[in-house]
Amino acid sequence: MKDLLDRYEVHRPQGRPWDALPSDFRESQMNGIVGLKILVTRVEGAAKMSQNREPYDYQNIVSELERSPDYSDQEVGKVMKHLSPNRFDKSP
């Protein structure tokens, strides 16, 4: 858990390292966590990039992703902007 939090949560605004969590909370979380291993034989995907959102919401989502310190978030923002350039057109 420590490694996962350090990798995926510490850099986020509300993220905290495992060691900073109260010990009773850590213990309660560990009681509910089950590890498993799965052999992946096929991966399917779809490009679902909030295209059903209102233009203002869509622009805010992209803006937040672009400002994120996380490279993956920034890349998602770029893809969203590329997929819907008309939502960013500044002409009247």
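What counts as what
- Residues numbered from 1 in each chain as written.
- Predicted model: local features only at pLDDT ≥ 70, side-chain atom pairs only at ≥ 80, totals over all residues.
- Heavy atoms only, no water.
- Helix = DSSP H or I, 4+ residues; strand = E, 2+ residues; numbered from the N terminus.
- Buried < 20%, exposed > 50% of the residue type's maximum accessible area, 1.4 Å probe, protein only.
- Contact = heavy atoms within 4.5 Å.
- Lys, Arg positive; Asp, Glu negative; His and termini not counted.
- Salt bridge = Lys/Arg side-chain N within 4 Å of Asp/Glu carboxyl O.
- Polar contact = N/O pair within 3.5 Å; in protein donor to acceptor, adjacent residues only side chain to side chain.

### So, the environment of Ile61
Next, step 1: Turning to its location among the elements, Ile61 is positioned in helix H3 (residues 55–67).
Next, step 2: With relative accessibility at 23%, the residue Ile61 sits in the partly exposed group.
Next, step 3: Taking the C-alpha atoms as reference, Ile61 lies 9.1 Å from Met80; in sequence the two are 19 residues apart.
Next, step 4: Excluding residues within four positions of it along the chain, Ile61 makes contact with Ser50, Arg53 and Met80.

### Examining the side chain of Arg87
Next, step 1: Here Arg87 lies in the segment after helix H4 (71–83).
Next, step 2: Although Arg87 lies buried, it forms no salt bridge, and the closest oppositely charged side chain, Glu54, sits 7.3 Å away as judged by the N-O distance.
Next, step 3: Within the structure, Arg87 has its side chain in polar contact with the backbone oxygen of Arg53 (distance 2.8 Å).
Next, step 4: With residues near it in sequence (within four places) discarded, Arg87 still touches Gln51, Arg53, Glu54, Pro55, Tyr58 and Gln59.

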